[in-house]
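# Coordinate inspection notes
Letter by letter, the chains look like this.
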Amino acid sequence: MLVDVFEEHLAEAAFLWSQWERALVAPDFTLDEAATVEERLLAHLDGLVVAGVPAVEFLIPRLHESEDPGEVFAAAWALLSLTPPVVLEAVKERAGKVPSQVWAALHRALELAESAGLDAALVSWLNTTEPELRALALEVLAFRGSAPSSGVVELLGDSEGTVTAAALRALRPSARMPPPKALGLLLGDSRPEVRRSAIDAGLVFGLREAWAANGVDAVKEVGSVRKHAWVLQALVGEEAALERLIAFAKDAATSEDALWALGFSGLQSAADACLRVMAGPPLVARLAGESFSAITGLKLEETYVLPEEEPDDALPPLEEEDLDADLSLHPEDALPLPAPEEVARWWQAARKDFAPGARFLGGQPLTGERLLDALTRGPMRRRHVYALELLLRTQGAQSVLVRAFSSKQRAALARASAIHQRLPPWAFGV
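This structure is a prediction, so every number in the text was calculated from the model and none was measured.

Scanning all chains against the criterion turns up three cavities of 30 Å³ or more. Size it by volume and the largest cavity reaches roughly 70 Å³. For the largest cavity, the full set of lining residues is L235, G263, F264, S265, G266, R359, F360, L361, L366, L371, Y386 and E389. Among the secondary structure elements, those contributing two or more residues to the lining of the largest cavity are β1 (360-361) and α21 (380-393). Looking at side-chain class alone, the lining of the largest cavity contains seven nonpolar, three polar and two charged residues.

Right, dumping it as structure tokens:
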């Protein structure tokens, strides 16, 4: 009977973990709504933990052998509460031997674990000869707020780019941590991930040269590196950069990244640009509507959305089927399809209330209070960028980890309440 109970808890926890991870980046979930999924997840995880020794015997084979990411996460998280050394040895054993999704599940279990002594064990991994474990330890310790500053600085010179990038992401300014000398050199590193992480670290420290490097980075990179650089350009709102983004929004090759970035600029001109492409292909239209709504506060529902087409359940002939097609769910799939004419009619009346050059968030002037409100009640999909703006404006003093459990997120938001009255300026002088 115990095995049946364990099987049920494990299966439910594995399913709910995958649902919770999706909720963390979903456009149609808020922090409160994601917390309801989290609560059910924790109930099943706790059901494994309270069983004690019998659960350990049941979970260890899943930890070592399972290829199901949800099952691996649940087993690892529960065992980290019951017998942490077993999990740490399993992570070492499986490093470099498992699919990326399984490795990510182990990573998340370590980040979210509540076991005492885990941080000290991970610090010892910073000296291991395995770069995958060094990088993992840095990432997890940074997430847990336990990365030792001396170890982080030392690993800035690591020969492995993944380790160097992880060390850069773990850097935080403090009275004992001025900008390391290595940081300036890494701003021009030839490895895109390292250079991008160095720019982010430099911006947290308030370095003007990091901002200058981001300007170059924003133009010459592609993929996620470019997308991130463009978001930073939009947040700061330099006129020349925004003009480029508006132009890129019209180009099919760059429109998706440009529209995503423009939504964080909060500008009237960005809303205009979104409206102009809202009648385009479905994905472009959805992204344009999302960004327009983020700036103006217009809720895309009822008359402001188009009806969705019913999915065609009929299977195509085998010879016509695209066997390489990506059938996985993406956050963008949950975005509404805006009705351009109705949105344009609303904007014609509302546009006068949005002063040119001023930043707006959800239809209100951007203030510290509005930024914290967006982090508290806004769509989960956009919160990591709002958290980034908070981190940069406070030079690392206020950090909200948007992939942590909700109790920790709310505690971080409470600590950040000091910026309610005043949004700190950009430290790098722009």
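Now that the structure has been shown, we can carry on.
Quick look at unusual backbone geometry now. Residues other than glycine seldom take positive phi values, yet E302 does so here, at roughly 55°. Residue position: E302 is located in the loop between α18 (282-296) and α19 (340-350). In this model, Q395 sits at a positive phi of 50°, which is unusual for a non-glycine residue. For Q395, the location among the structural elements is in the loop between α21 and α22 (406-415). Judged by relative accessible area, Q395 falls into the partly exposed class, the value being 33%.

What the second largest pocket holds in volume is close to 710 Å³. Of all the secondary structure elements, the ones that give two or more residues to the lining of the second largest pocket are α18, α20 (368-377) and α21. In terms of residue count, the dominant contributor to the lining of the second largest pocket is α18 (five residues).

The next thing to look at is the pattern of salt bridges. Per the counting criterion, the structure on display carries 24 salt bridges. A salt bridge links R226 to D257; its shortest N-O distance comes to 3.0 Å. With R226 in helix α14 (residues 223-236) and D257 in helix α16 (residues 255-262), this residue pair connects regions lying 31 residues apart in the sequence. Under the relative-accessibility criterion, D257 is labelled buried at 14%. The residue D373 makes a salt bridge to R370 at a minimum N-O spacing of 2.9 Å. Here D373 pairs with R370, and both are found in helix α20, just three residues apart, close to one helical turn.

This part covers the nonpolar core. Of all hydrophobic cores here, the largest spans 144 residues; its most connected members are L59, W77, V91, L168, F292 and L375. Sorting elements by how many residues they give to this core places helix α4 (residues 69-82) first, with nine residues.

As a further point, take helix α15 (residues 239-248). Given 3.6 residues to a turn, an α-helix orients residues that are three or four positions apart in the same direction. Listed as buried for α15 are A241, L242, L245 and I246. The buried residues of α15 occupy an angular sector of 140° when the element is viewed end-on, so they sit on one face. Lining the buried residues of α15 we find α14, α16 and α17 (268-276).

Structurally, D272 is set in helix α17. Each C-alpha atom of the pair D272 and A344 lies 9.4 Å from the other, and the pair is 72 residues apart in sequence. If near-sequence neighbours (up to four positions away) are discounted, D272 is found in contact with W347 and R351.

Contact geometry of helix α6 (residues 100-112) with helix α8 (residues 131-143) gives a least axis separation of 9 Å together with a crossing angle of 40°. With respect to each other, α6 and α8 are oriented oblique. The handedness of the crossing between α6 and α8 is right-handed. Residues W103, H107, R108, L110, E111 and L112 of α6 lie in contact with α8, whose contacting residues are E132, L133, L136, E139, V140 and F143.

What follows deals with the packing of aromatic side chains. Following the criterion strictly, the structure yields 13 aromatic pairs and no others. Measuring from centroid to centroid gives 6.2 Å for W346 and W347, while their planes differ by 20°, and the two rings are stacked. For W347, a relative accessible area of 3% puts it in the buried group. Aromatic side chains W347 and F354 sit 5.2 Å apart centroid to centroid with 55° between the ring planes, which places their arrangement in the tilted category. The same class applies to W347 and to F354, which are both buried. Taken together through their ring pairs, the aromatic side chains of F292, W346, W347, F354 and F360 make up a single cluster. Between the NZ or CZ atom of K227 and the centre of the ring of W260, over which it lies, the distance is 5.2 Å. One cation-aromatic arrangement involves R393 over W426; the distance from NZ or CZ to the ring centre is 4.1 Å.

Rules used throughout
Residues numbered from 1 in each chain as written. Predicted model: local features only at pLDDT ≥ 70, side-chain atom pairs only at ≥ 80, totals over all residues. Heavy atoms only, no water. 1 Å grid on protein atoms, 1.4 Å probe; cavity = no way out; pocket = protein on both sides within 12 Å on 5 of 7 lines; lining within 4 Å. Points joined across faces, edges and corners; volume = space filled by probe spheres on them. Helix = DSSP H or I, 4+ residues; strand = E, 2+ residues; numbered from the N terminus. Nonpolar A, V, L, I, M, F, W, Y, C, P; charged D, E, K, R; others polar. Buried < 20%, exposed > 50% of the residue type's maximum accessible area, 1.4 Å probe, protein only. Salt bridge = Lys/Arg side-chain N within 4 Å of Asp/Glu carboxyl O. Core = buried A, V, L, I, M, F, W, Y, C linked by side-chain atoms within 4.5 Å. Arc of directions from axis to C-beta. Contact = heavy atoms within 4.5 Å. Axes fitted to C-alpha atoms, helices over the stretch in contact; angles between N-to-C directions. Parallel < 35°, antiparallel > 145°, perpendicular 65-115°, else oblique. Left-handed = near helix turned anticlockwise from the far one by under 90°. Phe/Tyr/Trp six-rings, centres within 6.5 Å; stacked < 30°, edge-to-face > 60°. Lys NZ or Arg CZ within 6 Å of the ring centre and 35° of its normal.

Remember, this is a structural readout, not a statement about activity or role.
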